[in-house]
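Single-letter residue listing:
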2 protein chains.
Amino acid sequence: MMDLMEAIKERRSIRRYEEKSVPEELINKVLEAIRWTPSWANTQCWEVVVVKDNVLKKKLQETFAKGNPAIKAIVEAPVLLALCGKLESSGYYKGEAPTKFGDWLMFDLGLVTQSICLAAFSLGLGTLITGLFDHDKAKEIIKVPEGYELVTIIPMGYPAKKPSCAPKRKEISEFVHDDTF
Amino acid sequence: MMDLMEAIKERRSIRRYEEKSVPEELINKVLEAIRWTPSWANTQCWEVVVVKDNVLKKKLQETFAKGNPAIKAIVEAPVLLALCGKLESSGYYKGEAPTKFGDWLMFDLGLVTQSICLAAFSLGLGTLITGLFDHDKAKEIIKVPEGYELVTIIPMGYPAKKPSCAPKRKEISEFVHDDTF
């Protein structure tokens, strides 16, 4: 059991992992957290590829630029959650996207990603949200079909080292406005 | 104190609200949850307009199509969180967006939205994620400047009626794939 507010405040990006594998039971709890995430008109556009194969992890690592601070995590973490979404689902009605933002796939996968990071943290697991890689090459490696996008690859495992402090955040007064912007 | 997994599973979209106002202290706790949400390279592109003025709420309601199931919530809820984001920040390095998804604003605001909904729920408050309205008209009403987008308006308050059951979710086996899609 972990307090929600504590999870939100204490979760950190974890870039180094222990070799220890993650029990299936815990992976399932994280997948269950995805299931209960809200989505546009309950479209649930998410698809998750759970990558444990070392050869695939190595290949996925090659889609990251050298110097990316996530690069070690991709092969060290026992599990990668490759988060994909179905195109033309979230934000769509009968093939039409009525808002100025078109496809809300990125928004809904953002919702899911926070569920993943918080659920994992509450189970003693670290995660890292990665987005700076060659998405099309990574899609090929894990065989993501047409009509879907791979958006983020999230390494998950037991933290080898906990970051000493959190990246600095803006004060509430810096991003909050009363009644008008 | 509320268990994280319980919050993820029990949070529901709330469409009807009591008249009771929300204490500043609770609003601040929700804003604090936004603060600690992760973002692309800690860019924190979010900006939040806290709307309590009834005239503004009424005007914002007019940007929703009649028949939208969110329409009552926009005026009934004591607080609206109008969630905006700075363009060309998340996913950008020196003015360039290196990934195929360009601006990751929608993704980062998705992360924030899940923080808002979970934090509110843990405080006994209901929320609703709305996205189907005229964004440009709504931006004008709350004076969102150029270079920013208003993405979602989230009513927040004490639920007048709790939904009896959750919208049906896919089974884990329907969206999870092992090693390849």
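Structural data are supplied above this passage.
Bear in mind that the values here come from a model prediction, so they are computed numbers and not experimental data.

**Student:** Which parts of the structure should I look at to understand the overall build of chain A?
**Tutor:** The helix and strand inventory of chain A stands at seven helices and five strands. When the helices and strands of chain A are placed in sequence order, the string is α-α-β-α-α-β-α-β-α-β-α-β. Computed over the C-alpha atoms, the radius of gyration of chain A is 17 Å, within 12% of the 16 Å expected from 2.2 N^0.38 for a compact globule of 181 residues. Reported as C-alpha extents along the three principal axes, the dimensions of chain A are approximately 45 × 45 × 35 Å. Taking as baseline every contact in chain A between residues at least 6 positions apart, the subset at least 24 positions apart corresponds to 77%. Entry remark: accessible area of chain A is about 7,900 Å², with carbon and sulfur atoms responsible for 50%. Mean positive and mean negative side-chain charge positions of chain A (25 and 25 charges, respectively) differ by 6 Å.

**Student:** Explain the layout of surface pockets to me, please; I cannot follow it from the model alone.
**Tutor:** One way to see where empty space is left: roll a probe the size of a water molecule over the atoms. What the largest pocket holds in volume is close to 730 Å³. Approximately 590 Å³ is the volume found for the second largest pocket. The wall of the second largest pocket is formed by 28 residues, among which Ser 39 and Ala 41 of chain A together with Ser 13, Arg 15 and Ile 129 of chain B lie closest to the centre. Its residues assigned to classes, the lining of the second largest pocket shows 17 nonpolar, six polar and five charged.

**Student:** I would appreciate a short explanation of the relation of the copies chain A and chain B in the present structure.
**Tutor:** One copy of the chain maps onto the second through a rotation about an axis and a displacement along it. For these two chains of identical sequence, chain A goes onto chain B by a turn of 180° and a shift of 0.0 Å along the axis, with RMSD 0.0 Å. Both chain copies can therefore be described as sitting about a two-fold axis. A share of 100% of the interface residues of chain A reappears at the interface of chain B, consistent with the copies meeting face to face through the same patch.

**Student:** Would you take a moment to explain the sheet that holds strand S3 (residues 126-127) of chain A for this structure?
**Tutor:** Note on sheets: strands pair through backbone hydrogen bonds, and any given pair is parallel or antiparallel. Strand order in the open sheet formed by five strands is S3(A)-S4(A)-S2(A)-S1(A)-S5(B), and the pairing between neighbours is mixed. Both outer strands of the open sheet, S3 of chain A together with strand S5 (176-178) of chain B, are each paired with one neighbouring strand and no more. Pairing between strand S1 (residues 46-51) of chain A and S5 of chain B: three bridges, direction parallel. Looking across to S5 of chain B, one finds that Val 48 of chain A is bridged to Val 176 of chain B. Docked against the sheet, helix H2 (residues 24-35) of chain A engages S1, strand S2 (79-86) and strand S4 (148-157) of chain A together with S5 of chain B, running at close to 165° with respect to S1 of chain A. Across the sheet, helix H3 (residues 54-61) of chain A is in contact with S1, S2 and S4 of chain A; its angle to S1 of chain A comes to roughly 115°.

**Student:** Just to check I follow, could you spell out the pairing of S1 of chain A for this structure?
**Tutor:** If a strand is regular, its side chains alternate between the two faces of the sheet. All names here are of chain A. Counting buried positions along S1 gives six out of six residues, so the element sits mostly inside the fold. Neither face of S1 is exposed, since Trp 46, Val 48 and Val 50 on one face and Glu 47, Val 49 and Val 51 on the opposite face are all buried. Both S1 and S2 contribute to a ladder of six bridges, which runs antiparallel. The residue bridging Val 49 from the neighbouring strand is Ala 82, located in S2.

**Student:** Explanation requested: helix H5 (residues 105-122) of chain B in the structure shown.
**Tutor:** Every α-helix winds through 3.6 residues per turn, so residues three or four apart in the chain are directed the same way. Residue and element names in this part refer to chain B. For H5, which comprises 18 residues, the first-to-last C-alpha distance of 26 Å matches the rise-based estimate of 26 Å (1.5 Å per residue) to within 8%. Counting buried positions along H5 yields 17 of 18 residues, so the element is predominantly enclosed. Taken from the residues just after H5, Gly 124 is the one with a positive phi, measuring 85°.

**Student:** In this structure, what is going on with the packing of helix H5 (residues 105-122) of chain A against H5 of chain B? I would like to understand it.
**Tutor:** Packed helix pairs are specified by the crossing angle of their axes together with the interaxial distance, meaning the distance between the axes. Direction vectors running N to C along H5 of chain A and H5 of chain B enclose 55°, while the axes themselves pass 6 Å from each other. Relative to H5 of chain B, the element H5 of chain A lies oblique. Seen from above, H5 of chain A lies across H5 of chain B with right-handed handedness. Taken together, the residues of H5 of chain B that come into contact with H5 of chain A (itself represented by Met 106, Phe 107, Leu 109, Gly 110, Leu 111, Thr 113, Gln 114, Ser 115 and Leu 118 of chain A) are Met 106, Phe 107, Leu 109, Gly 110, Leu 111, Thr 113, Gln 114, Ser 115 and Leu 118 of chain B.

**Student:** It is not clear to me how the interface of chain A and chain B should be interpreted in this structure. Could you clarify?
**Tutor:** Contact residues are listed per partner, giving 82 residues for chain A and 82 residues for chain B. Here chain A and chain B share an interface that buries about 7,300 Å² over both sides, 66% of which is from carbon and sulfur atoms. Summed over the shared surface of chain A and chain B, the number is six salt bridges. For Lys 100 of chain B, the salt bridge identified is with Glu 149 of chain A, shortest N-O distance 2.9 Å. Applying the counting criterion to the chain A and chain B interface returns 40 residue pairs in polar contact (both at pLDDT 80 or more). Contributing elements (two or more residues each) for the side of chain A that touches chain B: helix H1 (4-10), H2, S1, H5, helix H6 (135-141), S4, helix H7 (172-175) and strand S5 (176-178) of chain A. Take the side of chain A that touches chain B: its biggest share by element is eleven residues, from H5 of chain A. In terms of residue class, the side of chain A that touches chain B is built from 45 nonpolar, 16 polar and 21 charged.

Rules of the game
Residues numbered from 1 in each chain as written. Chains lettered and ligands numbered in written order. Predicted model: local features only at pLDDT ≥ 70, side-chain atom pairs only at ≥ 80, totals over all residues. Heavy atoms only, no water. Helix = DSSP H or I, 4+ residues; strand = E, 2+ residues; numbered from the N terminus. Rg over C-alpha atoms; globule rule 2.2 N^0.38 Å. Contact = heavy atoms within 4.5 Å. Areas by Shrake-Rupley, 256 points an atom, 1.4 Å probe, with all protein chains shown as cover. Lys, Arg positive; Asp, Glu negative; His and termini not counted. Charge placed at Lys NZ, Arg CZ, Asp CG, Glu CD. 1 Å grid on protein atoms, 1.4 Å probe; cavity = no way out; pocket = protein on both sides within 12 Å on 5 of 7 lines; lining within 4 Å. Points joined across faces, edges and corners; volume = space filled by probe spheres on them. Nonpolar A, V, L, I, M, F, W, Y, C, P; charged D, E, K, R; others polar. Least-squares fit on C-alpha atoms with pLDDT ≥ 70 in both. Pairing = 2+ DSSP bridges. Axes fitted to C-alpha atoms, helices over the stretch in contact; angles between N-to-C directions. Buried < 20%, exposed > 50% of the residue type's maximum accessible area, 1.4 Å probe, protein only. Expected span 1.5 Å × (residues − 1). Parallel < 35°, antiparallel > 145°, perpendicular 65-115°, else oblique. Left-handed = near helix turned anticlockwise from the far one by under 90°. Buried area = accessible area lost by both parts, 1.4 Å probe. Salt bridge = Lys/Arg side-chain N within 4 Å of Asp/Glu carboxyl O. Polar contact = N/O pair within 3.5 Å; in protein donor to acceptor, adjacent residues only side chain to side chain.

Structural measurements only, silent on function.
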